[in-house]
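Summary of structural features
One letter stands for each residue in the lines below.
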Amino acid sequence: MLDFSKKRTMPLILGDGTKIDLRTPNAKTLNKLTKIGGEPDDYVEACVIILNLNQQGLTFTADEVAEDLGFDEMVILSEAYLSFVADIQNDPNYKSRLAQQMREQTGQSTTTR
C-alpha cells in the first residue's frame with residue numbers, strides 16, 4: 001500500500017529554543033523557493049516560506065524573520081532546507097521504500113535476488 005501519511009521532516013531549533021519540524025513543500029512552493037534571488041529581502045521571503053511549513057502550526061512574518069535571524073542564518077537555513085528536499089528526492093532508500101509499497105499494493109513479491 002502506498003502510504004502518504006509518513007512524511008519526512010527537518011527538525012529545527014530556533015534561537016529562542018523553540019523546536020519545530022519543517023515539512024516538505026508542495027510543487028508550487030518549491031518552484032517559488034528555487035526562483036528566489038540572492039538579495040537580503042529574497043532570503044527573508046524564502047525563510048518566511050520555509051519556517052511557515054512547520055508542523056506545529058506556528059506563523060512567522062517577514063518582520064519577525066528579518067529581526068530575529070541574521071543574514072548568515074537566513075542563507076544557512078535556505079540552503080539547508082533545499083538540501084534536505086534534494087536529499088529526499090535522491091535517497092535510494094526512499095525510492096526503495098516507495099517501490100516496495102507499490103509492489104505490496106499490487107500484490108507483487110517483495111523478495112529480491
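Below, the structure is looked at part by part. (Residues numbered from 1 in each chain as written. Predicted model: local features only at pLDDT ≥ 70, side-chain atom pairs only at ≥ 80, totals over all residues. Heavy atoms only, no water.)

**Focus on the layout of surface pockets**
Looking at the second largest pocket, its volume works out to about 340 Å³. Around the second largest pocket, the lining is made up of 16 residues, and of these L14, G15, L51, D68 and L69 lie nearest the centre. The set of elements that each furnish at least two residues to the lining of the second largest pocket consists of β1 (10–13), α3 (62–68) and α4 (71–90). A total of 4 residues in the lining of the second largest pocket trace back to one element, the largest contributor, which is α4. Within the lining of the second largest pocket, the residues separate by chemical class into 11 nonpolar, 1 polar and 4 charged. (1 Å grid on protein atoms, 1.4 Å probe; cavity = no way out; pocket = protein on both sides within 12 Å on 5 of 7 lines; lining within 4 Å. Points joined across faces, edges and corners; volume = space filled by probe spheres on them. Helix = DSSP H or I, 4+ residues; strand = E, 2+ residues; numbered from the N terminus. Nonpolar A, V, L, I, M, F, W, Y, C, P; charged D, E, K, R; others polar.)

**Some thoughts on α4**
One full turn of an α-helix is made of 3.6 residues, so residues set three or four places apart face in the same direction. The end-to-end C-alpha distance of α4, which contains 20 residues, comes to 28 Å, matching closely the 28 Å that a straight helix rising 1.5 Å per residue would cover. Of the residues making up α4, those classed as buried are M74, V75, L77, S78, Y81, F84, V85 and I88. (Expected span 1.5 Å × (residues − 1). Buried < 20%, exposed > 50% of the residue type's maximum accessible area, 1.4 Å probe, protein only.)

**Notes on helix α2 (residues 40–51)**
In this model α2 runs 16 Å from its N-terminal to its C-terminal C-alpha over 12 residues, within 8% of the 16 Å that 1.5 Å per residue would give. Among the residues of α2, Y43, V44, A46, C47, V48, I49, I50 and L51 are the ones counted as buried. Looking at the packing, one finds that the buried side of α2 touches β1, β2 (19–22), α1 (27–34), α3 and α4. (Contact = heavy atoms within 4.5 Å.)

So yeah, pure geometry; function would need other evidence.
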